[in-house]
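Structure assessment
The lines below spell out each chain.
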Amino acid sequence: MKSRLSPWIALILAAAISLGCELVNSMLDPGPLRVESVDVAPLGNGVFTASVGLPPHRSAGALYCNLPQQDGGPSQEVYRQTIPPLDTSRILTFEFTLNEPGEHRLYCTADPIGVTAKTTFSVDGPTPPGSTPAASPAPGQPVTINGVGQKVSYSGAYSCAAAQQVSLVVRADGTAELSAVGPGFIDHINCIQSDSAEGWYIVGVADQVAETVSFSACNNGGFNASGVINYAGGALSGEVSCLYNQGSTAGQTAVTLKMP
């Protein structure tokens, strides 16, 4: 009896080992290009920055983003590019102009599998040239302050610094978002900058009496955030950091943004 069962046991074990190997390979295989998240932040005067989260993928693919027209007309394509294979996640950013007031949607699609992500944002209309935010807005009043800062990007023991265009938006309900757009780095040892700009979008809650913002998350929750920015007198000052929140790097600093 034992000798008759042995071949079957061996066959079952071989099948289980083969299935286990397939499961491991499928978990390690990053798959084709896909879109993980889409975000839009205003830069002023009808210019917006889109931030597209791309996870690791094994092969090149096409990424294109469209704005559907409010009147039902043909969509406006605002971005199309071939994305090479990536072994780490990346935040891809690009700018587009839109002056039509109202609520809009941005759709970003990855080919060849056709997976789409979208976000909704509002356009208030172009900002008049030369306009500036109120120096000290009354509590409960929205405010936008533009400025410059310095981003320090970290990779292990290495770091690189680059100037950033920054914009702080404090809404009437006290929620706030700080956007920073500037060069990214593909080599942190030699501080070689990437060809395209990189965007970081940091959300928090404002103390509208003290005119400060305490931050909690970066890039749609992909990173934790820590730090406080002061916007009293219409000028930005302070420091905020984005921290990895997953894997072996959890708790380590990805970027720090300093102002002025």
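Structure: above.
Reference entry: report on the structure contained in this document. A quick note: this is a predicted structure, and the numbers were derived from the prediction, not measured.

1. A short note on the sheet that holds strand 10 (residues 175-187)
Strand pairing in a sheet takes place through backbone hydrogen bonds and is either antiparallel or parallel in direction. Reading around the barrel, the eight strands line up as 8-9-10-11-12-13-14-15 and close back on themselves, with antiparallel pairing between neighbours. Going from strand to strand, the sheet's axes swing by 25° on average, the running direction of each strand aside. With six bridges joining them, strand 14 (residues 237-244) and strand 15 (residues 253-259) adopt antiparallel strand pairing. Considered in strand 15, the bridge of Val240 is made with Leu257.

2. A short note on the environment of Val115
Of note, Val115 is situated in strand 7 (residues 115-123). Taking the relative accessible area as the measure of exposure, Val115 reaches 34% and is therefore partly exposed. With 79 residues separating them in the primary sequence, Val115 and Glu36 have C-alpha atoms 9.3 Å apart.

3. Remarks on the side chain of Ser241
By the element assignment, Ser241 lies in strand 14. Assessed through its relative accessible area of 12%, Ser241 is described here as buried. Beyond its immediate chain neighbours, meaning those up to four positions away, Ser241 contacts Cys218, Asn224, Ala225, Ser226, Thr253, Val255 and Thr256.

4. Quick look at the packing of aromatic side chains
Applying the stated rule across the entire model yields seven aromatic pairs. Centre to centre, the rings of Phe48 and Phe96 are 5.7 Å apart; their planes meet at 15°, and the pair counts as stacked. One end of the pair, Phe48, is in strand 2 (residues 47-54); the other, Phe96, is in strand 5 (residues 90-97), and 48 residues separate them in sequence. Neither residue differs from the other here; Phe48 and Phe96 are each classed as buried. Measuring from centroid to centroid gives 6.3 Å for Phe94 and Phe96, while their planes differ by 45°, and the two rings are tilted. In this structure, Phe94 and Phe96 share a single accessibility class: buried.

5. A word on the state of the cysteines
Per the stated rule, a full pass over the model turns up three disulfides. Between the sulfur atoms of Cys160 and its disulfide partner Cys191 the distance amounts to 2.2 Å. Between Cys160 and Cys191 the disulfide shows an S-S torsion of about -95°. By sign, it is left-handed. Placement of Cys160 in strand 9 (residues 158-170) and of Cys191 in the loop between strand 10 and strand 11 (192-207) is noted, with a sequence separation of 31 residues between them.

6. Some remarks on the environment of Glu95
By secondary structure assignment, the location of Glu95 is in strand 5. Note: C-alpha distance between Glu95 and Pro42 (53 residues apart in sequence) is 9.6 Å. Residues contacting Glu95, with those up to four places away along its chain left out, are Leu43, Val47, Phe48 and Thr49.

What counts and what doesn't
- Residues numbered from 1 in each chain as written.
- Predicted model: local features only at pLDDT ≥ 70, side-chain atom pairs only at ≥ 80, totals over all residues.
- Heavy atoms only, no water.
- Pairing = 2+ DSSP bridges.
- Helix = DSSP H or I, 4+ residues; strand = E, 2+ residues; numbered from the N terminus.
- Axes fitted to C-alpha atoms, helices over the stretch in contact; angles between N-to-C directions.
- Buried < 20%, exposed > 50% of the residue type's maximum accessible area, 1.4 Å probe, protein only.
- Contact = heavy atoms within 4.5 Å.
- Phe/Tyr/Trp six-rings, centres within 6.5 Å; stacked < 30°, edge-to-face > 60°.
- Disulfide = S-S within 2.5 Å.

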